[in-house]
Amino acid sequence: EGESDFLKCLLYMRHCYNVNIVISGSPETPQNLRCITHDLNILICSWNVASLSNHGLTYEFCHASGCVRTEDKKANVPLVLFQDTTIRITTLNASENLATKTFVLTEQNVSLVPPTPRILSLTPDFKTSLLHLKWNDSGSVWPYEADARWQIEVLRKNTLETVIYHSKLTLKDTVLSWDWKSDMPLECISHYVKIRCYIDEQMFLGKKEWSEWSPLKMIPGKDSDPDVVQVFPDETTVVVGSNVTFCCVCKEGDRVKNLAYGSKTYPLIRLSNRSTAIQVPNVGVSISSGTNIVCYPEINTLFGTVVFVGYPPDSPQNLSCETLNFSEIICSWDTGQPTKLLQKTVYILSERISGINVTCKEERTAKINHCVFPVIGNQKIYNFTVKASNPLGQPESSLLIDVNQRVHPEAPSEFTVRDLSPTNVSLSWYLCGNFTEIRLLCQIEVNSINSEAKSYNVSLDGAENSFYYTSVENLHPYTTYAYRARCAASEHFWKWSKWSETKHYRTLEASPSRAPDIWRVRSADGESLEVFWKPLPLSDTNGVIQYHEVFWSLPEKNVSSVEVPVWKNSTKIKLGKNNYIISVVAKNRAGFSPPSTITSVELPNDGVKTEHGIATGDGIYISWYSDPNVTCGYTVQWCCSSKSEFCSVNWETFSSNMTAAVIKSALFQPGVRYSFSLYGCKHDGYQLLQYINGYVKELAPKVAPNFTVEHTTSDSILVKWEDMPVEDCQGFLMGYLLFFAKEEEGTLKPRSSETGHLEQKVKNITDLTKKSLTILDLQGKTSYRLDLQAYTIGGKGPQKGIYVVTKDDSLGLIIAILVPVAVAIVLGVVTSIFCYRKREWIKETFYPDIPNPENSKALQFQKTLCEGNAALKTLEMNPCTPNSVEVLETQLSFPKIEDTEIMSPAADELPEDGSDIETENHVVVSYCPPIIEEEEISNPPLDEPVGSSQVVYIDIQSMYQPQVKPEEEPEVDCVSSAGYKPQMQLPVSALKIENQSTAAEDLDKTAGYRPQANTQAWNLDSPDSPGSITSNNENGSFGSPCSINSRQFLIPPKDDEDSPKPNNIGWSFTNFFQNKPND
């Protein structure tokens, strides 16, 4: 089966060859022409033929420049860019041309393939694990500049890293270099490097391809050396935070069992048969002696190395160079953070112009490092570079200076001070260095105890002997000053030198520069005068005061004097009856002060007022009115003392144009009253103008005022208090607060009212002239607590309290009983008088009289006139619907009404039997019933019942004249006097009379009971109704048989429940007062 497969393969190959011959023609025909260029100058073309046998064949390669013969199937052709090239290739043998083929070559068919790079060197740096690669770029073969890319591969077992390096071809051969840092020591395993090139020529339109790889360059690892057994890297230094790889190379046939970094172990990485590695990430700072790496082989003994972990040096910061004396230059810089390494950082100071390098010492304990460089001849410009180096880095910093502009002199020495006068001194000092070529600026500082430091700047030329001199003026005599100096360059200021040592020196004495401040106080009897003066301030004494001399004299008389020791500040002079002019001078070793003069004359004054000063917290503000006669100022005098201390006179003088001042003194104390006297200085003497009291600060009174209760009553208490001593007030009194409340002695607090609030009351007494107060509106026989306290602007003082009980209020009790009794009696008397006077009205209102019909005159007929008229009809009311009133007549002397029947207005039917109502024994009285409706009805038609009319009752008594007593009645005829006729005498003026009766008819109708016998005076409507026809008649009758004294019917029905009642019963508001209910 295997042989069959092989035969099939051969047959297939033969078939393919035949096909190729068919397609291409002759097997010797050239084909697959490929042309490349390495330098854009020459084309390197190659081709092949289908024939498997090339023995004895040659090829003729023809192009525009000519033909060449070759046996290698390769030929070179000059490259012409941007132009097609025709190439004819002919295959020849010894006797004939076998085949010919022509190719047209365009630029797009040409490939640009750079020549294979050649590595010049590959150098390892095992200490830093760096590979340093060098190669030639062959730039000279290119006709013009071009960009090149170089692909570099570093390999260990396999490809480790590939990088692209860019360069520029510059028409000449250039050696290029590249450094690569390995992540593991180079000793651990062999490393290989190869390189190839790519030309990125933009003008070439053909294909661009990478060149062939260069031959491998190898750096062998120590694992290939059988004699090496070691841990790598060996005693190296790494940066904190690095990821470090350690490897252990053991003997042939042995294996690493463990590899430890310090006390920790890490996973093993097998690099080769002999080499094993570990990776330690993010290493920390090691101790000063380093960290151990120990390798534990399986067979042989352990071995190892040490590693140091720290920081690279910082770049020198704040580099500064200056000269102190023009003989050397000192450069200084900030070293930055410590490296934490055992190895020192090396600093090298180099000057590029002169080419001089100076190695500097590292000062481990100092953050600032210094290095000294010598000044070179006349060189003024220096270009310094400071390089810091340790195994982890080599940073550097540079600085360019002009030495004349960086002058920083040393501190002046040998500083001295000499006297020139009481106000001038001379200074001198020594300044190390040769400053003859520049000008110096020196600063002198002068300081005294009592003043601020002053500085004086002096410009000086550089001295050859380095000694410098100056003077200081306008000093104060006999004053100790502190002097010191420093210098710098004047034209190009850089830095001041340090201060020289301080020198203290006192100036000479001089005469006192100011006259003493003097005052005088005249005795009460005017016989003596005490002169006071204040010690001169130290700034005015100009030396030590030995004594004061006092002079006094009368005008144009001899002068008397006395010397007063310096420890005294006053003296007494006896005046007698004279006034003197006094002068005071101060004396020191240098001379006398100017004199102070004052007169003893005091001008009279009248009505000096006392004012209050204002406390300011640190003084007392006083003010006064300006006096035009004051020409030489004002003097304020006061005395600082208490009762137990000696009075020390103090004063202060002010100019004539001032009207206010704040008096301050270190002796002033809060809460103490001070009295001031204001004097005005006039041309002929001093005059007292004003007294002023004041406090530097007002406080609350320190004691309570004393007070007593002088008198008490049942409702008042009289309280009196005393004036407080001035020293206890501690301020100007503003008033007193008197508190009072009900309180039993021994309780803790005042009683509370029903609302829960304290009943304590307070009275504010602001009138300081009052020394007593009466508390009113108190309760009798009650205990009160009284508290009194004074207050100032500074606050309220303590309280003093007493208990008081008011007297018993017996008079009040008597009054409380008698007053209600008296009020009741007065009310009773007034009520009785009122009722007596209004008795008739009260009787009429509440209990009106009801007349007895038996006593009615209307029923008492005169027999002489009325006999024979038994059938006389008394009242007939037409056209009203009649209600029957039956009056039973008997044989009595007066008719007696037995029954009265009041019928309903609707009962207008006659009896069925048609019998006549009017009989001998009955008198029918017709009337309109008193009916009140809600609406007023006008005069109705005659055919309608009048019972529906509105009738208003009025007081009948007001309509009639008073009745005449029987014994006084005149004789009347039968018509005018017969029966009860109260309306017969009423004038009826507005009534429309339809029928006029004769006198005879009237006489016939007078028999019996006829109260309304005058029927013509009847009104169909109520006389009070506005619609009534008689509403304008004041005395018209309203047609109702009523009593004169009552508005009730004369004969009310009794127990006649079955009798008809009127539908509408009239009623008025006055009935409420005058009608009694029907029984």
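Each remark here, short or long, concerns the structure printed above.
What this report covers is the structure whose coordinates are included nearby. Note that this is a predicted model, so its numbers are computed, not measured.

Procedures and definitions
- Residues numbered from 1 in each chain as written.
- Predicted model: local features only at pLDDT ≥ 70, side-chain atom pairs only at ≥ 80, totals over all residues.
- Heavy atoms only, no water.
- Helix = DSSP H or I, 4+ residues; strand = E, 2+ residues; numbered from the N terminus.
- Contact = heavy atoms within 4.5 Å.
- Areas by Shrake-Rupley, 256 points an atom, 1.4 Å probe, with all protein chains shown as cover.
- Buried < 20%, exposed > 50% of the residue type's maximum accessible area, 1.4 Å probe, protein only.
- Patch = residues over 30% accessible without salt bridge, like charges linked within 9 Å, V, L, I, M, F, W, Y side chains within 5 Å.
- Salt bridge = Lys/Arg side-chain N within 4 Å of Asp/Glu carboxyl O.
- Lys, Arg positive; Asp, Glu negative; His and termini not counted.
- Charge placed at Lys NZ, Arg CZ, Asp CG, Glu CD.
- Pairing = 2+ DSSP bridges.
- Axes fitted to C-alpha atoms, helices over the stretch in contact; angles between N-to-C directions.

Turning to the overall build of the chain, a few remarks are in order. Each helix and strand in the chain was counted, giving nine helices and 66 strands. A fraction of 66% describes how many contacts in the chain between residues 6 or more apart in sequence connect residues 24 or more apart. When the accessible surface of the chain is totalled, it reaches about 60,700 Å², and 51% of it is carbon and sulfur.

The omega angle of the peptide bond from Phe 232 to Pro 233 is -5°, so this bond is cis rather than trans. Turning to its location among the elements, Pro 233 is positioned in the loop between strand 17 (230–232) and strand 18 (236–239). Here the phi dihedral of Ser 129 falls at roughly 60°; this positive angle occurs in a residue that is not glycine. Its location among the elements puts Ser 129 in the loop between strand 9 (118–125) and strand 10 (130–136). Its identity is not glycine, yet Asn 474 carries a phi of approximately 60°, on the positive side. The exposure class assigned to Asn 474 is exposed, which follows from its relative accessible area of 72%.

Along the chain, the position of Glu 60 falls in strand 3 (residues 58–63). With 32 residues separating them in the primary sequence, Glu 60 and Leu 92 have C-alpha atoms 7.4 Å apart. The residues contacting Glu 60, other than those within four sequence positions of it, are Cys 67, Val 68, Arg 69, Arg 88, Ile 89, Thr 90 and Leu 92.

Taken together, the side chains of Leu 813, Ile 817, Val 821, Ile 825, Val 829 and Ile 833 make up a nonpolar region of the molecular surface, amounting to roughly 560 Å² of accessible area. Along the polypeptide, Ile 833 turns up in helix 4 (residues 810–837). On the basis of relative accessible area, Ile 833 is assigned to the partly exposed category, the value being 46%.

To continue, consider a negative patch on the surface. On the surface, a cluster of negative charge is contributed by Asp 715, Asp 777, Asp 808 and Asp 809. Mapped onto the elements of the fold, Asp 777 is located in the loop between strand 61 (772–775) and strand 62 (783–792).

Our focus in this paragraph is the sheet that holds strand 13 (residues 175–181). Read across the open sheet, the three strands follow the order 9-10-13; overall the sheet is antiparallel. Strands at the two margins of the open sheet, each flanked by one partner only, are strand 9 and strand 13. On average, each strand axis in the sheet is tilted by 20° relative to the strand beside it, whichever way the strands run. Both strand 10 and strand 13 contribute to a ladder of seven bridges, which runs antiparallel.

Attention shifts here to the pattern of salt bridges. Counted by the stated rule, this structure contains 19 salt bridges. Asp 183 is the salt-bridge partner of Arg 156, the closest N and O atoms lying 3.3 Å from each other. You can see Arg 156 sitting in the loop between strand 11 (146–155) and strand 12 (159–169) and its partner Asp 183 sitting in the loop between strand 13 and strand 14 (191–200), a full 27 residues away along the chain. Taking relative accessible area as the criterion, Arg 156 reaches 14% and is therefore assigned buried. A salt bridge links Lys 534 to Asp 517; the nearest nitrogen and oxygen atoms lie 3.8 Å apart. Taken together, the residues span a long stretch of sequence, with Lys 534 in the loop between strand 41 (528–533) and helix 2 (538–541) and Asp 517 in the loop between strand 39 (503–506) and strand 40 (518–522) at a distance of 17 residues. A relative accessible area of 30% means that Lys 534 is categorised as partly exposed.

Glancing now at the sheet that holds strand 32 (residues 396–402). One open sheet accounts for four strands, arranged 29-28-31-32; its pairing is antiparallel. Every other strand in the sheet has two partners, leaving strand 29 (356–360) and strand 32 as the edge strands with one partner each. Pairwise comparison of adjacent strand axes, ignoring direction, gives a mean angle of 20° for this sheet. Inspection of the sheet shows strand 31 (residues 381–389) paired to strand 32 by seven bridges, in the antiparallel sense. Bridging from a neighbouring strand, Lys 387 pairs with Glu 396 of strand 32.

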